[in-house]
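Examination of the molecular architecture
Given next are the chains, with one letter for each unit.
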Amino acid sequence: MRAAFMYEAGDLRVLDAPDPVIEQPTDAVVRILRSCVCGTDLHPYHSMTTDEAPRAMGHEFIGVVEELGSEVSGFRRGDLVVSPFFFADNTCEYCRAGLHTACPNGGWYSADGMGGAQAEAVRVPQAQGTLVRLPADADDALLSSLLTLADVYGTGYHAAKQAGVRPGDAVTVIGDGAVGLLAVLSARQLGAERIILMGRHKDRTDIGRLFGATDVVPERGEEGIATVRELTGGHGTRAVLEAVGHLPAYEMAVGAVRAGGVISRVGVPQYEQAPIGFDSLFGANVTLTGGPAPVRAYIDALLPGVLDGTVDPGRVFDRTLSLEETPEGYRAMDRREALKVMITL
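Residues numbered from 1 in each chain as written. Predicted model: local features only at pLDDT ≥ 70, side-chain atom pairs only at ≥ 80, totals over all residues. Heavy atoms only, no water.

Here six strands make up an open sheet; going across it, the order is E13-E12-E11-E14-E15-E16 and the pairing parallel. The sheet terminates laterally at strand E13 (215–217) and strand E16 (287–290), the two strands that pair on one side only. On average, each strand axis in the sheet is tilted by 20 degrees relative to the strand beside it, whichever way the strands run. In the packing of helix H5 (residues 152–162) onto the sheet, the strands contacted are strand E14 (237–242), strand E15 (257–265) and E16, and the crossing angle to E15 comes to about 150 degrees. Contacting strand E11 (170–174), strand E12 (194–198), E14, E15 and E16, helix H9 (residues 247–256) runs over the sheet at an angle of about 150 degrees to E15. (Pairing = 2+ DSSP bridges. Helix = DSSP H or I, 4+ residues; strand = E, 2+ residues; numbered from the N terminus. Axes fitted to C-alpha atoms, helices over the stretch in contact; angles between N-to-C directions. Contact = heavy atoms within 4.5 Å.)

Next comes the structure, spelled out in structure tokens:
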């Protein structure tokens, strides 16, 4: 099969690779129909060294079940399925509590020797607990929205859910990437009345407005914080959803949250130290939450709205490429020429 591999920062190649096979009785092999490039993929694209190479890339996909291990029930060959970016057994105490990313039998695609989803096929460990069957008659127009259930929609929803967004809330969303825009959509779904989107790319913030943003703040840093506070009577918002992962975004979150509020981070942090002391979080009784989204916990709740057209999260895809063109997808997203690239197979 063909698959994408990272060899070092900026060096992504689509190469021949061994076909995935069943290794454990709990595995499945899925032939991929749609995959995509994630903002998280750009972190190794910026910083990976040759010591880590080659690394299979990609963690978001929908596809068709090709093979099933002997212990996998509830699926048949030919089923259309979506997979969360983290596989899990869906039976352990953490999964039952909705924290699938802590599953002791789980793991990440494209890590620790696992295959990636920017490929023609992938092995899915813990397939019975991980995969979710989709309607067999889903048309091509719907596949883009279904694909967001693998990561970005569930991650945006996790940001809003962890922040406890509730009817009537005022929310600030930091970041106009796919996750930030879907955090806007999710905050609106949970009843937020005012949603301030901090982003400076008009083509993206226009989507944010369609998803429910009431205000757009293009300024960054202290200027952006001042604008948010001006919009909120000097107080800031009770919930701030940080969907970037860089320290300046976190610092804006600290500046934009009101006393007694919540900062929910779902942008993978590219830093280890950040302000949490008296003058930042402690003195104002601000809660810090977030983390990698347990997407499997949300798919069943989010899927009906996608299927009936109530929501259209697939709007975040603004470019479609073939698997062989995946390196161009990385370049386009890195240059901010594309919001999110979908890969068709």
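Next comes the rest of the account.
Before going further, it helps to spend a moment on the side chain of Thr-205. Note on placement: Thr-205 falls in helix H7 (residues 202–211). Beyond its immediate chain neighbours, meaning those up to four positions away, Thr-205 contacts Asp-176, Leu-197, Gly-199, Arg-200 and Val-216.

This part takes up the pattern of salt bridges. Inspection of every chain in the model, using the stated rule, returns 18 salt bridges. Its salt-bridge partner being Asp-300, residue Arg-296 comes within 3.4 Å of it at the nearest N-O pair. Note that Arg-296 and Asp-300 are positioned in helix H11 (residues 296–307) at a spacing of four residues, about one turn of the helix. A relative accessible area of 13% places Arg-296 in the buried class. What makes Asp-300 partly exposed here is its relative accessible area of 49%. In this structure, the salt-bridge partner of Arg-331 is Glu-328, at a minimum N-O distance of 3.1 Å. One end of the pair is Arg-331 and the other is Glu-328, both in helix H12 (residues 326–334) and three residues apart, which spans about a single turn. Residue classification places Arg-331 among the partly exposed residues on the basis of a relative accessible area of 32%. Linked through salt bridges whose partners overlap, the residues forming this network are Arg-2, Asp-16 and Glu-324. (Salt bridge = Lys/Arg side-chain N within 4 Å of Asp/Glu carboxyl O. Buried < 20%, exposed > 50% of the residue type's maximum accessible area, 1.4 Å probe, protein only.)

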